[in-house]
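Survey of secondary and tertiary structure
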Amino acid sequence: MLAIRYNNRTFFGLKTVVNMPITSQTAKILDGLEVSAAVLTSVHEAIEAHVQAGGQRPGLAVVLVGKDPASSIYVRAKRKDCERAGIQARDFDLPAETSQAELLALIDKLNHDDNIHGVLVQLPLPDHIDEVAITNAISASKDVDGFHAFSVGRLALRQPGLRPCTPRGIMTLLNYYGVSAMARHCVVVGASNIVGRPMGLELLHQGATVTTCHRFTRDLEFYVRHAEILVIAVGKRGIVDADWIREGTVVVDVGINRLDNGKLVGDIDFARAAEKAAWISPVPGGVGPMTRATLMQNTAEAAGIQVPEPKQA
Ligand code: GUN
């Protein structure tokens, strides 16, 4: 198996000649591990300076309802990131039978708790609970996920506010490596409330021409072939064929899929896409850690602490 080493990590399957350097056609890596570490350092430094100056340490309530295995893994990782960032995590692990009224009562309590600056309710919720009612019950000032209608409205209107973590994290990742969306044709595949829609808005705000593709898009290949920046956020392996990628495109893969052999992969064939792309984000180690680091950034900001954007060394 051919492999390249980058930042002490190995990327398998790239078309390269053994013992030869990477050719100019091989994509550079949008390294979410490196950039999320820089974000967490920046958040941590800002929080410690704030606490040293007599400010309150930010607190994040992390609410998990039920025992969905994937959600449990994500929540554990978020709680670990709180430790790295100097944020006080308060854990609420509730049984799957928790009623909507009980969850709303907890959110109300957290909304009025001065030690809590951010409230995160892990999605998806059990079927008997209305997710929209829950996300809109969180005080907009503590909506560190950026899912509240108020937060999304402010984003749409280009007003400052708490921004959804995955799209904001992707913008941080691109900016860190000097990749600008200004005047470029950006294609977002997927129109979910959490990623696709706010992603389009973020890119639009940076001056991009944005196309959003979704399940009713008639000729996905056509749009992908015309993408200068391509964000794939569907969660379906192979939804975009790597052959469609045009030379020099920037590829951001938000999908996380588990193969039969247990390996985690993105929505696109990384090795084949990397032969043509100028930049590409790997899975794992791309967008996932950026989402979590941005959650920490949002929590610090919800506590009134400004966090400088990390810059490449
Ligand atoms: N489920 C999948 N992604 C997310 C996320 O970013 N936040 C929350 N709260 N739940 C999720």
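Residues numbered from 1 in each chain as written. Predicted model: local features only at pLDDT ≥ 70, side-chain atom pairs only at ≥ 80, totals over all residues.

1. So, the sheet that holds strand β6 (residues 118-121)
As a reminder, the rule being used: When DSSP finds two or more bridges between a pair of strands, those strands are recorded as paired. Secondary structure follows DSSP: runs of H or I at least 4 residues long count as helices, runs of E at least 2 residues long count as strands, and numbering of each begins at the N terminus. Each axis is a line fitted through C-alpha atoms, and for a helix only the stretch in contact is used; angles between axes span 0 to 180 degrees, taken between their N-to-C directions. Two residues qualify as being in contact provided that their C-beta atoms, derived from the backbone, are within 7 Å of each other.
An order of β5-β4-β6 is seen for the three strands of this open sheet, with the pairing classed as parallel. Because the sheet does not close on itself, it has two edges, and the strands there are β5 (88-94) and β6. Across the sheet, the axes of successive neighbouring strands diverge by a mean angle of 15°, strand direction being ignored. Note: strand β4 (residues 59-65) against β6, four bridges, orientation parallel. The partner of V63 across the bridge, within β6, is V121. The strands that helix α3 (residues 100-111) touches are β4, β5 and β6; relative to β4, the one it contacts most, it runs at about 175°.

2. Let's talk about the site of the ligand
Spelled out, the test is: All residues are tested the same way: a C-beta atom is placed from the backbone, and lying within 6 Å of a molecule or strand makes the residue near it. Residue type decides the class: Asp, Glu, Lys and Arg count as charged, Ala, Val, Leu, Ile, Met, Phe, Trp, Tyr, Cys and Pro as nonpolar, and the leftover types, Gly among them, as polar.
L120, V121, Q122, L123, D145, C165, I194 and T291 make up every residue found near the ligand. In terms of residue class, the shell around the ligand is built from five nonpolar, two polar and one charged.

3. So, the pairing of strand β8 (residues 209-213)
Selection criterion: Seen with the strands pointing away from the viewer, any crossover whose path from the first strand over the helix to the second strand runs clockwise is right-handed.
Relative to β8, strand β7 (residues 185-189) runs parallel, the two being bridged by five bridges. Each bridged residue has a counterpart across the sheet, and for V188 the counterpart in β8 is T212. Taken together, β7, helix α7 (residues 196-205) and β8 form a β-α-β motif whose crossover is right-handed.

4. Regarding the domain arrangement of the protein chain
Convention followed: Reported domain spans reflect what an automatic or database domain assignment gives.
Domain annotation of the protein chain identifies domain 1 (3-30 + 164-288) and domain 2 (55-151). On a C-alpha basis, the centres of domain 1 and domain 2 stand 29 Å from each other.

5. Focus: the sheet that holds strand β10 (residues 250-253)
Spatial ordering of the open sheet is given by β3-β13-β10-β9-β7-β8, a layout of six strands whose pairing is parallel. The open sheet is flanked by β3 (28-29) and β8, the only strands paired with a single partner. Relative to strand β13 (residues 279-280), β3 is paired through two bridges, and the arrangement is parallel. The partner of I29 across the bridge, within β13, is I280.

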